[in-house]
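Okay, here's what each chain looks like letter by letter:
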Amino acid sequence: MGWFTRDEPEEVVFDEVIDTDDTIWPAFTDDDGVLWIDVDYDVEVTVNRAIVDGQIRGAEVDEHGRIWIDYDD
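Residues numbered from 1 in each chain as written. Predicted model: local features only at pLDDT ≥ 70, side-chain atom pairs only at ≥ 80, totals over all residues. Heavy atoms only, no water.

K.L.:
Even after reading the chapter, I still don't get the overall build of the chain, so can you show me in this structure?
P.N.:
The helix and strand inventory of the chain stands at zero helices and six strands. In sequence order, the chain lays out its α and β elements as β-β-β-β-β-β. Burial analysis of the chain (73 residues in total) assigns 23% to the buried set. For the chain, restricting intrachain contacts to residue pairs at least 6 apart in sequence, the fraction spanning at least 24 positions comes to 36%. (Helix = DSSP H or I, 4+ residues; strand = E, 2+ residues; numbered from the N terminus. Buried < 20%, exposed > 50% of the residue type's maximum accessible area, 1.4 Å probe, protein only. Contact = heavy atoms within 4.5 Å.)

K.L.:
It is not clear to me how the sheet that holds strand E4 (residues 47-52) should be interpreted in this structure. Could you clarify?
P.N.:
The strands making up a sheet are joined through hydrogen bonds of the backbone, oriented either antiparallel or parallel. The antiparallel open sheet is built from six strands, whose spatial order is E3-E2-E1-E4-E5-E6. The two strands at the open ends of the sheet, each matched to only one other strand, are strand E3 (35-37) and strand E6 (67-69). Recorded for the sheet is a direction-independent mean angle of 40° between the axes of neighbouring strands. Bridging between strand E2 (residues 24-29) and E3 involves three bridges; their strand directions are antiparallel. Bridged to Thr-29 within E3 is Leu-35. (Pairing = 2+ DSSP bridges. Axes fitted to C-alpha atoms, helices over the stretch in contact; angles between N-to-C directions.)

K.L.:
Is there a simple way to explain the pattern of salt bridges in this structure?
P.N.:
Any two side chains of opposite charge can pair, so long as their charged atoms come close to each other. Within the structure shown, the criterion is met by two salt bridges. In this structure, Asp-22 and Arg-49 form a salt bridge, with 2.4 Å as the shortest nitrogen-oxygen distance. Of the two residues, Asp-22 is situated in the loop between strand E1 (14-19) and E2 and Arg-49 in strand E4; the sequence distance between them amounts to 27 residues. Residue Asp-22 is classed as exposed on the basis of its relative accessible area, which comes to 54%. The closest approach of N and O atoms between Arg-66 and Asp-62, which form a salt bridge, is 3.0 Å. Residue classification places Asp-62 among the buried residues on the basis of a relative accessible area of 16%. (Salt bridge = Lys/Arg side-chain N within 4 Å of Asp/Glu carboxyl O.)

K.L.:
For this particular structure, what's the right way to read the side chain of Asp-19?
P.N.:
Of note, Asp-19 is situated in strand E1. For Asp-19, which is buried and forms no salt bridge, the nearest opposite charge comes from Arg-49, at a distance of 6.1 Å. In this structure, Asp-19 is in contact with Trp-25, Val-45, Thr-46, Val-47, Asn-48 and Arg-49, ignoring residues within four places of it in sequence. (Lys, Arg positive; Asp, Glu negative; His and termini not counted.)

Set out below in structure tokens:
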């Protein structure tokens with residue numbers, strides 16, 4: 001049996017992330033919440049922000065590749 005609360009995080013829709021060099025990258029997450037940079041070549045990106053509804057929010061990617069966006073800014 002699990003515990004359920006109404007404190008589920010809101011779904012946050014974004015389509016771009018910003019790296020530590022201020023480069024904006026097209027991006028998306030898969031069904032597991034893993035971040036993918038949407039380009040046709042291999043790239044290593046350190047994400048520290050995401051663009052959500054036209055606003056820049058703080059963000060980080062954990063060791064599993066999941067993005068965490070600070071939506072309370």
